[in-house]
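Spelled out from the first residue to the last, the chains are:
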Amino acid sequence: MRLHSFYSIPVLVLLSLVCGLVAAADDAVLFDAEGIADARINGFSVEKIGTYTVWIWSLAKEEVIVEINEKRFVSKLKSDAGDGVYSWKRLGSVDLNDSETASLRLYSDDLSKTLKPKQVGYLALNLHADWDPAAYFALTKIFNDSARSVSDKRLGILRSNRDYYPFPDYQTKDEWLQRKRVLKTHLLNSLGLYPLPEKTPLKAKIFDVTEREDYTVAKAYFESYPGFYVTGNLYRPKGKSGPFPGVVSPHGHWSNGRLENGETGSVPGRAINLARQGCVVFTYDMVGYVDSKQINHQFGGEREWLWGISLHGLQLWNGIRAVDFLLTLDDVDPDRIACTGASGGGTQTFSLMAVDERVRVAAPVNMISAHFQGGCLCENGPNLRLDANNVEFGAMMAPRPLLMVSASGDWTNETPRVEYPAIRSIYKLFDAPDHVYSVQIDAPHNYNKDSREAVYAWFGKWLLGEENTEKLKEKEFTVEEDEALRVFPGDLPEGAVDAEELTAYLKKMSEAQLQEIYPNDESALLRLRRIAGTALRHTLSAQLPKRNELVIDRLVAEKIPGAFVERMVIGRVGKGDRIPGILVIPNDRKGSSSGTVLVHEEGKAALTDLASGKPGGILQCLLDEGHAVFMPDVFLTGEFHSPFEKAIRDKETAHFLTYNQTDTALRTQDILTSIAFLNSRYEAETVNLVGVGDAGLWCLLAAPLADSLHSVVVDAAGFDGSDDAYMNRLYIPGLRRAGDLRAAQALLAPTPLVIYNTGGVFDTAWARKAYETAGVEERLEILEGPVGLDVLTRSLR
């Protein structure tokens, strides 16, 4: 491993700015429509004194009058051009002083002194009189005579909690089991539970037992995490011999939580009747309800999500620990654990049964739907449903007995004809179609008496061996007064944590688990690849497409001095992604069979020198070495925008990040798609990856998911690894829980890797240790400053 101190070698002469100044060099400036509008009001300045050639890119058929200071230019018309066609027009030259602000006026005619809408897309000023804008565009734009931008479906809302999600047709049990393994890992990873947290002591307490004729009810609590209490009531049979089945019973969003006792639902009522029938039942609070008052029901947010900390994940962990709690009781049979809840409690039920095989029988009520996935934060962990839905989660119960209780008056109104047949198709693969059953109640959203009796019958059959449903009808019950069931009617126990303290603990726990796979020996390196590699793949929800999954729309192929250029749009079959890209193949390949995907944070145009119109430093270096270079505009860069407006992503839907990837995650996918494209070309027997600016960070995340890279060169861009940096520059929910950039760079060993512009703040310790452990220290180079072209050349050979 070689360490380099800071030194400056100019790589690019482009400077990206706001306010429409698309690019600037000492010798040239380029304004888009926004920059032109700003310059018309405020004027503009240049870096050097001299005579500037003036160019505009405007509608070919429209005349434009340009005045810079006191000098007037009139553009020539191209009457043979088609409507909507733009072309470059050289207007003449003007002397400008770097110490003065120049005035700018543009208009269509002398009378109105106005421009027509979208008449002028670019204004260029260049000290080089021989500058060729057509040659510049050949290397920077695929739409060189049009003001269009790409039409990418990802700019809209791809998925939401109210879309209809058809169930896939799984043909074999093995096919489903493979999908189930993926779903389980994805569910746990999305909710911050991969790998599973340490199960700390429950410190359970059961107290204040109330004796009734045929059951008892007690107050109970335990710690799911140190200092965080899960609170509820424990109902037990009386006058019967155990051990008994154990039932975890989460509640939904009724205002009284686990104490709700009304016509549409009674949590104590179902617990009393199940206890009378011979079950031990634990009814427990959702976070923020009744006695669970350490944290409110809006717990978490985008900053916490970075670490996989969410309300949904916390409640699932509480459910897992509730099973642990039941299994500590001598009168509970560990082979007969069940779960049931309605609405939000139904979500808790199917989430728990999907990941915890100890749940042998389940009855989620009024929840599993193909067209509504849940409306609360506690049901919509970030990333959870990027490529999954509740019907698939429900099917994960197979072949364990599952009752689907639905209602005619809510979003489960189609269950008998849609969701139930879909899930039953999975049970058939296990030759167990009788292990799943559907009951629909003619009622609004509920867990009413009819729904409860359906559950009693199902649990009676599978937990108690009782087939006579008449014996399992609900008996009249009297619920204790609320205060008699409250666990913490007063102060919380000493040591109870608040939201800030719990968050700090979960971050510390995450870091401790990450340190267990720090690659300081071969065994840890293997665990890193298995655990962090899996977590990163699920967190990004990105993958390297296969060749037959690519869509390639070639627009133009032409020769330019010294090279052959193809301009195209690429994407993936059925995904709706549209990635503009330019492939440059040098005439003299010098025997090279290498290809390089070259990604810039501002898009491919930033890789060409504006002043000369020729390839910039890194691009020219690669071409000089004979590389075929593909330059994509990854998501929301480059030609995702037109000269007249910036592309804006529509995010206005509930729980957007549960169903849609972040911009950064989509960019990593576009990099992987670009790698797959270049892999498909005969010109590139080996493929390298180079990222400039923040694109270096995107590339560093993508690279471990592309297992065929020859070498990787990434700009660390002075990224300091703080939560603020991830929030502002590299936001993906769960990324810090998955090991973030530390694990990503370590996962690349033994691939040759150059990390530059670390600025002394970018953490490379994981990479150093991984390459040392793999015995390939010489394949890692770390530079505090910019990459030298000599280093680039050597590393990519």
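Report follows, based on the coordinates. (Residues numbered from 1 in each chain as written. Predicted model: local features only at pLDDT ≥ 70, side-chain atom pairs only at ≥ 80, totals over all residues. Heavy atoms only, no water.)

**Quick notes on the overall build of the protein chain**
So the rule is basically this: Secondary structure counts use DSSP, requiring at least four H or I residues in a row for a helix and at least two E residues in a row for a strand, with both numbered from the N terminus. Buried residues are those whose accessible area, probed at 1.4 Å on protein chains only, stays under 20% of the maximum for their type, while exposed residues exceed 50% and partly exposed ones sit between those limits. It only takes one pair of heavy atoms within 4.5 Å for two residues to be counted as in contact.
Counting its secondary structure elements, the protein chain contains 21 helices and 27 strands. Taken over the C-alpha atoms alone, the protein chain extends approximately 100 × 65 × 55 Å along its principal axes. Buried positions account for 61% of the 797 residues belonging to the protein chain. Considering only residue pairs separated by 6 or more positions, the protein chain has 75% of its internal contacts joining residues 24 or more positions apart.

**With respect to the pairing of strand β3 (residues 28-32)**
This is how the line gets drawn: Two strands qualify as a pair provided DSSP detects at least 2 bridges between them.
Burial within β3 is extensive, with five of its five residues counted as buried. Residues Ala 28, Leu 30 and Asp 32 point to one face of β3 and Val 29 and Phe 31 to the other, with burial holding for every one of them. With five bridges connecting them, β3 and strand β9 (residues 120-126) associate as antiparallel partners. Paired with Val 29 across the bridge in β9 is Leu 125.

**Some details on the sheet that holds strand β12 (residues 228-237)**
For clarity, the cut-off: Each axis is a line fitted through C-alpha atoms, and for a helix only the stretch in contact is used; angles between axes span 0 to 180 degrees, taken between their N-to-C directions.
Across the sheet, nine strands lie side by side as β10-β11-β12-β14-β13-β15-β16-β17-β18; this open sheet has mixed pairing. Of all the strands in the sheet, just β10 (205-211) and β18 (436-444) have a single pairing partner and so form its edges. When strand polarity is set aside, the average angle formed by the axes of neighbouring strands in this sheet is 20 degrees. Sheet topology places β10 next to strand β11 (residues 215-225); five bridges connect them, and they run antiparallel. Considered in β11, the bridge of Glu 211 is made with Thr 216. Most of the contacts of helix α4 (residues 267-277) go to β12, to which it runs at about 45 degrees, and overall it touches β11, β12, β13 (244-250), β14 (280-284) and β15 (332-342).

**Quick word on the side chain of Ser 711**
Where we set the bar: In the analysis that follows, any N or O atom pair within 3.5 Å is treated as a polar contact, provided that within protein one partner can donate a hydrogen and the other can accept it, and provided that, for residues neighboring in sequence, both atoms belong to side chains.
Here Ser 711 is to be found in strand β25 (residues 709-715). At 2.6 Å, the side chain of Ser 711 forms a polar contact with the side chain of Asn 688. Setting aside residues up to four positions removed in sequence, Ser 711 forms contacts with Val 687, Asn 688, Leu 689, Thr 751, Pro 752, Ser 795 and Leu 796.

**What about a negative patch on the surface?**
Selection rule: To count toward a patch, a residue needs a relative accessible area above 30% and no salt bridge. Like charges then connect within 9 Å, nonpolar side chains (Val, Leu, Ile, Met, Phe, Trp, Tyr) within 5 Å. Areas reported here follow the Shrake-Rupley algorithm with a probe of radius 1.4 Å; residue values treat only the protein chains shown as occluding. Here a salt bridge means any side-chain nitrogen of Lys or Arg lying within 4 Å of a carboxyl oxygen belonging to Asp or Glu. We count Lys and Arg on the positive side and Asp and Glu on the negative side, and we leave His and both chain ends out. Charge positions are represented by NZ for Lys, CZ for Arg, CG for Asp and CD for Glu.
Together, Asp 26, Glu 47, Asp 98 and Glu 100 make up a region of like negative charge exposed at the surface. Residue Asp 98 is classed as partly exposed on the basis of its relative accessible area, which comes to 40%.

**Points about the pattern of salt bridges**
As enumerated under the stated definition, the model contains 50 salt bridges in all. Where Asp 83 meets Lys 61, a salt bridge forms, and the shortest distance between an N and an O atom there is 3.2 Å. Of this pair, Asp 83 sits in the loop between β6 (71-74) and β7 (86-96) while Lys 61 sits in the loop between β4 (50-59) and β5 (65-68), and the two are 22 residues apart along the sequence. For Asp 83, a relative accessible area of 68% gives the class exposed. A relative accessible area of 36% means that Lys 61 is categorised as partly exposed.

**Thoughts on the sheet that holds β6**
Spatial strand order, β6-β5-β8: three strands in an open sheet with antiparallel pairing. Two strands in the sheet have a free side with no partner beyond their single neighbour: β6 and β8 (104-107). The sheet shows a mean angle of 15 degrees between the axes of neighbouring strands, taken without regard to direction.

**Notes on the packing of helix α13 (residues 522-540) against helix α19 (residues 740-747)**
The condition is simple: Each angle gets one of four labels, with under 35 degrees taken as roughly parallel, over 145 as roughly antiparallel, 65 to 115 as roughly perpendicular, and the rest as oblique. Each crossing gets its hand from how the near helix is turned against the far one by less than a right angle, where anticlockwise is left-handed and clockwise is right-handed. Just so you know the grouping, Ala, Val, Leu, Ile, Met, Phe, Trp, Tyr, Cys and Pro go in nonpolar, Asp, Glu, Lys and Arg go in charged, and all remaining residues, Gly too, go in polar.
For the pair α13 and α19, the least separation of the axes is 10 Å and the interaxial angle reads 125 degrees. Taken together, the axes of α13 and α19 lie oblique to each other. As α13 runs across α19, the sense of the crossing is left-handed. Contacts between α13 and α19 involve Leu 528, Arg 529, Ala 532, Gly 533 and Leu 536 on the former and, on the latter, Ala 743, Ala 744, Ala 746 and Leu 747. Class assignment for the residues of the contact of α13 with α19 results in seven nonpolar, one polar and one charged.

**Section: the environment of Ala 535**
Mapped onto the elements of the fold, Ala 535 is located in helix α13. Ignoring sequence-local partners within four residues, the contact set of Ala 535 consists of Asn 189, Tyr 194 and Ala 738.

**Quick word on the packing of aromatic side chains**
Quick reminder of the rule: Centres within 6.5 Å make a pair out of two Phe, Tyr or Trp rings, where for Trp the six-membered ring is used; the pair is then stacked when the planes are under 30 degrees apart, edge-to-face when over 60, and tilted otherwise. Counting as a charge over the ring demands two things of the Lys NZ or Arg CZ atom: a distance within 6 Å of the ring centre and an angle within 35 degrees of the ring normal.
Per the stated rule, a full pass over the model turns up 33 aromatic pairs. With a centroid separation of 6.2 Å and 35 degrees between ring planes, the pair formed by Tyr 136 and Phe 137 is classed as tilted. Considering the side-chain rings of Tyr 518 and Trp 766, the 5.0 Å spacing of their centres and the 90 degrees angle between planes classify their relative orientation as edge-to-face. Placement of the pair is Tyr 518 in the loop between α12 (499-515) and α13 and Trp 766 in helix α20 (residues 765-773), with a sequence separation of 248 residues. The exposure class of Trp 766 is buried, given its relative accessible area of 3%. Pairwise contacts between aromatic rings join Trp 55, Trp 57, Tyr 86, Trp 88, Tyr 122, Trp 131, Tyr 136, Phe 137 and Phe 644 into one cluster. Residue placement shows Lys 141 over the ring face of Phe 137; its charged tip is 5.5 Å from the ring centre.

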